[in-house]
Amino acid sequence: MTPTHDLLVLDPSIRDWVVIPLLLIIAISGLVRPALQAVLKGVAPPPTESEILAFDAEARARHVVARAHRTRIVGGHGILCEDAYVGRKTYYIGGGGAAGTEGGGKGLLLSADISAPAAPSDPMAMMMGGGAMSGMKGQAAFMIQNMVMMNGIQHFFQGFVLLKIPFPLTNGFKPMFHRGLNLTTLDTSYVSSLSWYFVVSFGLRGFYRLYMSGWGREYVSDGMFKSLQMGIGQGGGPQFNAGQLYKMEADNFEMTRFRPLVDDAEKKLLGKKYPQKISLSAGTCAGKEEGELYAISGKKTKASSKQGAQKKNE
Amino acid sequence: PAPAPSPAVGALGALVSAVRRGLGTEQSNGARLRAATLLVRESEADSAATRAEVDEEYGALLDANPGNAMAAKRLATLMRSAGDVKGALEVMERMVAGGRGANECGCWLEWGEMYAEVGEWGGAAFCLEEFVLLAPLDPDGHARLGECYATASASAGDGGQLALLRRARKHLSHALNLMGDAAGRAAPGATRRRIRRRTSRALLSMASVSSAFLDSETGGAEEQEAKICRALLEFACGELLEMCEGGEFSKTMGACIKDYVEDKMKVTDLL
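Fair warning: this is a prediction, and the values are worked out from it, not measured in the lab. (Residues numbered from 1 in each chain as written. Chains lettered and ligands numbered in written order. Predicted model: local features only at pLDDT ≥ 70, side-chain atom pairs only at ≥ 80, totals over all residues. Heavy atoms only, no water.)

### Points about the side chain of A:Arg33
All names here are of chain A.
- Turning to its location among the elements, arginine 33 is positioned in helix H1 (residues 12–41).
- Among the polar contacts listed, one links the side chain of arginine 33 to the side chain of glutamine 145, at a separation of 2.5 Å.
- When neighbours within four sequence positions are excluded, arginine 33 is seen to be in contact with Phe142 and Gln145. (Helix = DSSP H or I, 4+ residues; strand = E, 2+ residues; numbered from the N terminus. Polar contact = N/O pair within 3.5 Å; in protein donor to acceptor, adjacent residues only side chain to side chain. Contact = heavy atoms within 4.5 Å.)

### Here's the deal with the interface of chain B and chain A
- Residue-level contacts link 34 residues of chain B with 31 residues of chain A.
- Between chain B and chain A the total buried area reaches about 2900 Å² when both faces are included, carbon and sulfur atoms providing 59% of it.
- For A:Arg88, the salt bridge is made with B:Glu130, and the minimal N-O distance between the two is 3.0 Å.
- Where chain B touches chain A, the interface holds ten residue pairs in polar contact (both at pLDDT 80 or more).
- Broken down by class, the residue content of the side of chain B that touches chain A amounts to 15 nonpolar, ten polar and nine charged. (Buried area = accessible area lost by both parts, 1.4 Å probe. Salt bridge = Lys/Arg side-chain N within 4 Å of Asp/Glu carboxyl O. Nonpolar A, V, L, I, M, F, W, Y, C, P; charged D, E, K, R; others polar.)

### Some remarks on the nonpolar core
- By size, the foremost hydrophobic cluster in this structure holds 76 residues, and its most contacted members are B:Tyr58 and B:Trp111.
- No other element matches the ten residues that helix H11 (residues 223–243) of chain B contributes to this core. (Core = buried A, V, L, I, M, F, W, Y, C linked by side-chain atoms within 4.5 Å. Buried < 20%, exposed > 50% of the residue type's maximum accessible area, 1.4 Å probe, protein only.)

### Notes on the packing of helix H3 (residues 82–93) of chain A against helix H11 (residues 242–255) of chain A
All names here are of chain A.
- Running from N to C, H3 and H11 point in directions that differ by 145°, and their axes come no closer than 10 Å. When you trace H3 past H11, the crossing you get is left-handed. The segment H3 lies against H11, with Tyr85, Lys89, Tyr92 and Ile93 engaging Ala250, Phe253 and Glu254.
- Within the contact of H3 with H11, the residues separate by chemical class into five nonpolar, no polar and two charged. (Axes fitted to C-alpha atoms, helices over the stretch in contact; angles between N-to-C directions. Left-handed = near helix turned anticlockwise from the far one by under 90°.)

### A look at the pattern of salt bridges
- A complete count under the given rule lists 20 salt bridges over all chains for this structure.
- Linking B:Glu110 and B:Arg80 is a salt bridge whose minimum nitrogen-to-oxygen distance equals 2.8 Å. Of the two residues, B:Glu110 sits in helix H6 (residues 105–117) while B:Arg80 sits in helix H4 (residues 69–81), which places them 30 residues apart along the sequence.
- Here the salt bridges share partners, and the residues they tie into one network are A:Arg67, A:Arg70, A:Asp83, A:Arg88, B:Glu129, B:Glu130 and B:Arg167.

### Side note on the packing of H4(B) against helix H5 (residues 85–97) of chain B
Residue and element names in this part refer to chain B.
- The geometry of H4 relative to H5 is characterised by a closest axis approach of 7 Å and an angle of 165° between their N-to-C directions. Judged by the angle between their axes, H4 and H5 are roughly antiparallel. Judged by the sense of rotation from one axis to the other, the crossing of H4 with H5 is left-handed. When H4 is examined against H5, the residues Ala69, Ala72, Lys73, Leu75, Ala76, Met79 and Arg80 are found in contact with a partner set consisting of Val85, Gly87, Ala88, Val91, Met92 and Met95.
- In terms of residue class, the contact of H4 with H5 is made up of ten nonpolar, one polar and two charged. (Parallel < 35°, antiparallel > 145°, perpendicular 65-115°, else oblique.)

### A look at the packing of aromatic side chains
- Counting across every chain of the model gives eleven aromatic pairs over all chains.
- Here the aromatic residues A:Tyr85, A:Tyr91, A:Tyr92, A:Phe253 and A:Phe258 are joined through ring pairs into a cluster of three or more.
- Lying over the aromatic face of A:Tyr190, A:Lys164 brings its terminal NZ or CZ to 5.6 Å of the ring centre.
- Here the basic side chain of B:Arg169 rests over the ring of B:Phe213, its NZ or CZ set 5.0 Å away from the ring centre. (Phe/Tyr/Trp six-rings, centres within 6.5 Å; stacked < 30°, edge-to-face > 60°. Lys NZ or Arg CZ within 6 Å of the ring centre and 35° of its normal.)

### Quick look at the environment of B:Glu234
- Residue placement: B:Glu234 occurs in helix H11.
- For the pair B:Glu234 and B:Ala207, spaced 27 residues apart in sequence, the C-alpha to C-alpha distance is 8.2 Å.

### Details of the side chain of A:Ser192
All names here are of chain A.
- With respect to the element layout, serine 192 can be found in strand E2 (residues 190–192).
- Of the polar contacts made by the side chain of serine 192, one reaches the backbone oxygen of arginine 179; its length is 2.6 Å.
- Beyond its immediate chain neighbours, meaning those up to four positions away, serine 192 contacts Phe160, Leu162, Phe177, His178, Arg179 and Leu181.

### Description of the environment of A:Leu204
Residues and elements named next belong to chain A.
- For leucine 204, the location among the structural elements is in the loop between helix H8 (193–203) and helix H9 (205–211).
- On the basis of relative accessibility, which here comes to 19%, the residue leucine 204 falls in the buried class.
- Each C-alpha atom of the pair leucine 204 and alanine 27 lies 7.3 Å from the other, and the pair is 177 residues apart in sequence.

### Side note on helix H7 (residues 121–134) of chain B
- Here H7(B) spans 20 Å end to end across 14 residues, near enough to the 20 Å set by a 1.5 Å rise per residue.
- The complete set of buried residues in H7(B) reads B:Ala124, B:Ala125, B:Cys127, B:Leu128, B:Glu129, B:Glu130, B:Phe131, B:Val132 and B:Leu133. (Expected span 1.5 Å × (residues − 1).)

### A word on the confidence of the model for chain A
All names here are of chain A.
- Here chain A shows a mean pLDDT of 73. Residues at 70 or above account for 65%.
- Under a pLDDT of 50 for its full length, residues 221–236 has, in the predicted model, 20 contacts with residues more than four places off or in other chains.
- Below a pLDDT of 50 lies the segment residues 281–304, which in the model reaches 15 contacts outside its immediate sequence neighbourhood of four places, other chains included. (pLDDT = per-residue confidence, 0-100.)

Next comes the structure, spelled out in structure tokens:
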């Protein structure tokens, strides 16, 4: 059957008692949700001294890696003079000589005493005591509210056609706008109640972000997607392993070849006025005449013939 | 005497006081509120005693949290403005060693200027090299680094002097290349004139460095290096004369250049 393009007449009461109230309810619930999430998430306990020390050590290690990386990438491209770059390279990875000598020792990256982070002995304890649990608590408000709203709308407004988009849409938009409606012949421009909920929820995110700039913003931008992950231990992420990064950076330093840029700046500045080096002086190869550069027997170069003529005249 | 605080600072002070009154004792001792209060007190500090108190409180913030970069930077700035540059250097060193500020251009630039103030040119050059690594396309960074190398060469031994002057030449050349590229991209008018004004300082430094290289005992003996220096000197002087051509200043500039380089190269054609 072909889709019908006849205009449906929607009861104005739908607009007054369904569309506008739903819009207000969804907007208000979106504004209240961050407060509820903050209450459920609770206040994080203050960090212990060992956690502070570990954090500082990690910050220092990250900075060392960042500086070494910058020196290798930017300095290696010739932003520094070669001897300045070599000096830094020696500081980071050593010069291969004996320790204590100039240019000797292992360098900062290879001699740093860094142990790999300890693996958690009890993964369950790590999950329960750490940020993962509080993150899941925070998402609980969003999940519960979502479920309640969706089930409520499906129960009270199932089969409702609420409004019509003022421009025609292709059939690809049917799943988006006809949720809860099993009418294949209905024009895509009509929006069902469940679809109206999703459109308004996602559409108001920008408004929430503006309204709650600063406080609650974290719940607005990531709340919906984090709840979909539902991963155990998602809050942890990969652990920072300073020793491994140091070793990797040191290996990269070894492989990086210095490319002169600043070293050749004078040539670029002066252009044609840059004084060229004097070409090879009188040949010193055995058996060659003065001025003859390459051994090609029987052939005389201009210079050698001139010099030969000069010698004859003398 | 300290200048009168601006209206904005007065408003901030009133806000901080109101927030303190609204919060409990424990929360009003939080690091952020203390830092905001200290910012207000800094501008109101009208006596040495008050300034010393502010320094002490910033020090206390740092002792409580050595990673407090804001407190470290304010303390270093206050110490430097009070003349205690060595103390400011220690604060900066502690901050960077603690893993803060190492990725900020401003931090390295300030630190380099502090080293230059106390005459530690090696430290100043290191800090400016870090700045240049963070901002490789900034011509002013390369120009300052070149000037720093040139100044450091004055106190270096024979072997080190030439190496530092060579580095200075290269970085100044690179700065001039970058400035030339920027001037070429800029539309004619105020922007291009502004770029050319910055270029004049780099050109003067280039002339000075090239001349110093030629003046050194061994520098003049290296033929290729001496040729390069003469070419750079000619280039710098020519650009400077062209910049002030047609004005009254051009006569003065011409006379200075003539006196300066007369014995190093034939400048009659240039002038």
